[in-house]
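This is what each chain is made of:
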Amino acid sequence: MTQDELKQAVARTAIDYVVDGEIIGVGTGSTANFFIDELGKIKDRIKGAVASSEATAARLRGHGVAVYDLNDVDSISVYVDGADEIDAGGAMIKGGGAALTREKIVASVAKQFVCIADGSKLVQTLGTFPLPVEVVPMARAAVARRLTELGGQPRLRTKPGSTEPFVTDNGGHLLDVAGLSITDPAALESEINQIVGVIAVGLFARRGADVCLLGTGEGVKTLSF
């Protein structure tokens, strides 16, 4: 199976976790897009969705799914999203799609977090994928120095084909931090969150996944944490 076929398989399986009549939290990225496409097929079964990015909101609306502002929602039954890396404890690196802050916010409200990923995303130790950190633009250099002190190699994310900084939906800039071997994800998440100027870090450890649907050549495997 191709990587896209594996993503499609886990997206279809994730529909089993959708609660009828409820509002669903939806993530951002290529795997989440497959889930949105599947969600569109059962849109009449749900009340609507809360999106973690403007791109996700647009795709949901394109399928006729009602999109709600999180401020108007009391609870979310399940949040479904992909991951750039996930470990055996359900801790993740996310943010390759630049939506880490809103993803964290929506995930924090959800009763259940279902991660959907192809098998290549399961790792023993997080950190091979550069860790995204969203920062207030004026604090970019100062935060980069602190991240270097922690042993990382931060690099500013730029717009495709440009030297201009990539700007998130929140108006932040992104530092992608290579060179980290993250043996204690929750501790590092807390430490980076305390750096002045950081909006959010792409470590999802204190609120990790409850379930991971992992696409493999032998089928979809379910990991519970």
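Rules of the game
- Residues numbered from 1 in each chain as written.
- Predicted model: local features only at pLDDT ≥ 70, side-chain atom pairs only at ≥ 80, totals over all residues.
- Heavy atoms only, no water.
- Salt bridge = Lys/Arg side-chain N within 4 Å of Asp/Glu carboxyl O.
- Buried < 20%, exposed > 50% of the residue type's maximum accessible area, 1.4 Å probe, protein only.
- Core = buried A, V, L, I, M, F, W, Y, C linked by side-chain atoms within 4.5 Å.
- Helix = DSSP H or I, 4+ residues; strand = E, 2+ residues; numbered from the N terminus.
- Contact = heavy atoms within 4.5 Å.
- Pairing = 2+ DSSP bridges.
- Axes fitted to C-alpha atoms, helices over the stretch in contact; angles between N-to-C directions.

With that settled, consider the pattern of salt bridges. Taken as a whole and judged by the stated rule, the model has 11 salt bridges. As a salt-bridge pair, Lys-94 and Glu-103 come within 3.3 Å of each other at their nearest N and O atoms. You can call Lys-94 buried: its relative accessible area is 3%. The partner of Asp-118 in a salt bridge is Lys-121, and the shortest N-O contact between them spans 2.7 Å. The pair formed by Asp-118 and Lys-121 is uniform in burial state, with each residue classed as buried. Sharing partners across several salt bridges, the network here consists of Asp-81, Lys-94 and Glu-103.

Counting residues in each nonpolar core, the largest one holds 24 residues, and the members touching the most others are Val-18, Val-26, Phe-35, Leu-39, Leu-60 and Ile-116. Of all elements in the fold, only helix H1 (3–14), strand E1 (23–26), helix H2 (30–41), strand E2 (48–51), helix H3 (54–62), strand E6 (113–118) and strand E12 (211–216) reach the threshold of two or more residues within this core. Excluding residues that lie within four positions of it along the chain, Leu-60 makes contacts with Val-26, Ile-36, Leu-39, Ala-49, Ala-51, Val-65 and Val-67. Of all hydrophobic cores here, the second largest spans 20 residues; its members include Ile-93, Leu-175, Val-177 and Ile-182.

Before going further, it helps to examine the sheet that holds strand E10 (residues 198–201). In spatial order, the strands read E8-E9-E7-E10; together these four strands make up an open sheet with antiparallel pairing. Looking along the sheet, the strands with just one partner apiece sit at the ends: strand E8 (153–156) and E10. Shown here is a sheet whose adjacent strand axes are inclined to one another by a mean of 30°, direction ignored. For E8 and strand E9 (residues 173–178), the ladder comprises four bridges, and the chain directions are antiparallel. Bridged to Gln-153 within E9 is Ala-178.

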